[in-house]
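# Observations on the model geometry
Listed below, chain by chain, are the residues.
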Amino acid sequence: MTLDLFAADAPELEDEVLSPGAVVLRGFATAQASALKDDLGRVAAAAPFRHLVTPGGLRMSVAMTNCGELGWVSDRRGYRYEPVDPDSGLRWPALPDSLRVLARDAAARAGYEDFLPDACLVNRYAPGARLSLHQDRDELDLRAPIVSVSLGLPATFLWGGEVRADKSRKLALHHGDVAVWGGPSRLRFHGVLALKDGEHPFAGRHRINLTFSKVRA
Ligand code: MD3
Ligand code: FE
């Protein structure tokens, strides 16, 4: 890469390794954002965003929907992946090609070839919405990475350790950033701080996060 001393206002975006197997690809999705927006609009029309309830009975502040063969759901009975949207009784909308290709290309760039996700959880954050520290362990295929795409308002991501009590570091995720988490990092604790209010041309007062995973081994 050439160092351009005159482009002080246009810094090069570089891949950032967070820990072995985990990398942030800054701006990786920016160029495709408008195609993603159209496809996500169709997904949300077929399977509207909703606030799920945790097994403990708390309403989640993040609104969620899914596309792909399997969708993540939570209710009083627990967390799990289901092929059918419990609100409609219909299968989740198919994974749009734009999303499938983006997830596959990002995974390959991070060193995971042939990533074929069967689930895409779409999280929508309004100001104040947050996701407390947790692990993603409802997927069966833990060899496959998770790919996450951030769109709209920026958020502060918490990157923890192997156990909940480990100190976590903060990381800003902006519109277009794609993170790939796999290998020894696959079961790390992580979360998202309460979203700060703002306005973004892509999503108004929201942040949208896409989490792609391979649920079936
Ligand atoms: C690190 N979503 O839905 S994606 C989730 O921004 C979730 O909405 C967050 O965590 C969001 O479960 C963050 C980033 C992410 C996803 C899975 C991981 C980071 C991860 C699995 C292991 C380690
Ligand atoms: Fe997670």
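For the structure itself, consult the block above.
What comes next concerns the included structure.

Criteria and cut-off values
- Residues numbered from 1 in each chain as written.
- Chains lettered and ligands numbered in written order.
- Predicted model: local features only at pLDDT ≥ 70, side-chain atom pairs only at ≥ 80, totals over all residues.
- Heavy atoms only, no water.
- Helix = DSSP H or I, 4+ residues; strand = E, 2+ residues; numbered from the N terminus.
- Expected span 1.5 Å × (residues − 1).
- Buried < 20%, exposed > 50% of the residue type's maximum accessible area, 1.4 Å probe, protein only.
- Arc of directions from axis to C-beta.
- Salt bridge = Lys/Arg side-chain N within 4 Å of Asp/Glu carboxyl O.
- Donors = N, O, S within 2.8 Å, 3.2 Å for Na, K, Ca; no water.
- Pairing = 2+ DSSP bridges.
- Axes fitted to C-alpha atoms, helices over the stretch in contact; angles between N-to-C directions.
- Contact = heavy atoms within 4.5 Å.
- Phe/Tyr/Trp six-rings, centres within 6.5 Å; stacked < 30°, edge-to-face > 60°.
- Lys NZ or Arg CZ within 6 Å of the ring centre and 35° of its normal.

## Regarding helix α2 (residues 97–109)
One turn of the α-helix equals 3.6 residues, which is why residues spaced by three or four share an orientation. In a regular helix each residue adds 1.5 Å, so 13 residues correspond to 18 Å; α2 covers 18 Å between its end C-alpha atoms and thus fits that length. If you check which residues of α2 are buried, you get Leu99, Leu102, Ala103, Ala106 and Ala107. End-on view of α2: buried residues confined to an arc of 125°, all on one side of the axis. Positioned one or two residues after α2, glycine 111 has a phi angle of 100°, which is positive.

## Focus: the pattern of salt bridges
Tallied over the entire structure, the rule returns 14 salt bridges. Ionic pairing is found between aspartate 87 and arginine 50, a salt bridge with its closest N-O pair at 3.6 Å. One end of the pair, aspartate 87, is in the loop between β5 (78–82) and α2; the other, arginine 50, is in the loop between α1 (33–46) and β3 (63–67), and 37 residues separate them in sequence. You can call arginine 50 buried: its relative accessible area is 10%. What emerges from the salt-bridge pattern is a single network uniting Glu16, Arg26, Arg169 and Asp177.

## Some words on the coordination of the iron ion (ligand 2)
At the metal site, the iron ion (ligand 2) is ligated by His134 (NE2), Asp136 (OD) and His190 (NE2), and these contacts range over 2.0 to 2.2 Å. All donors to the iron ion (ligand 2) come from one chain, and their sequence spacing reads H-x1-D-x53-H. Assessed through its relative accessible area of 15%, aspartate 136 is described here as buried.

## Examining the sheet that holds strand β12 (residues 190–192)
Think of a sheet as strands paired side by side through backbone hydrogen bonds, with each pair either parallel or antiparallel. With antiparallel pairing, the 4 strands of this open sheet are ordered in space as β7-β12-β9-β10. A strand with exactly one partner marks an edge of an open sheet, and here the two such strands are β7 (131–134) and β10 (169–173). The mean angle between the axes of side-by-side strands here comes to 20°, regardless of whether they run parallel or antiparallel. As judged from the 2 bridges shared by β7 and β12, these two strands associate in the antiparallel manner. Residue pairing across strands places histidine 134 opposite histidine 190, the latter belonging to β12.

## Digging into α1
An ideal rise of 1.5 Å per residue puts 20 Å on 14 residues; α1 measures up with 20 Å between its terminal C-alpha atoms. Buried within α1 are the following residues: Ala33, Leu36, Asp39, Leu40, Val43 and Ala44. Along the axis of α1, the buried residues cluster in a sector spanning 140°; they form a single face. What points out from α1, more than 90 degrees from its buried face, is the exposed set Ser34, Arg42 and Ala45. Against the buried residues of α1 lie β3, α2, β6 (119–125), β8 (146–152) and β13 (207–213).

## Description of the packing of aromatic side chains
Under the counting rule described, the total for this entry stands at 4 aromatic pairs. Where tryptophan 72 meets tyrosine 79, the ring centres are 5.4 Å apart and the plane angle is 25°; that geometry is what we call stacked. Summarising the aromatic geometry, the rings of phenylalanine 157 and tryptophan 181 are spaced 4.9 Å apart at their centres and angled 35° between planes, so their arrangement reads as tilted. Pair noted here: phenylalanine 157 is in strand β9 (residues 155–159) and tryptophan 181 is in strand β11 (residues 178–181), with a separation of 24 residues, a long-range link. Tryptophan 181 shares its class with phenylalanine 157; the two are buried. Site record: aromatic cluster; members linked through ring pairs are Phe157, Trp159 and Trp181. In this structure, lysine 37 packs its charged tip against the face of phenylalanine 202, placed 5.2 Å from the ring centre. Across the ring face of tyrosine 125, the terminal group of arginine 207 is positioned such that the distance to the ring centre comes to 5.1 Å.

Honestly, that's just the spatial picture; any functional story needs more than this.
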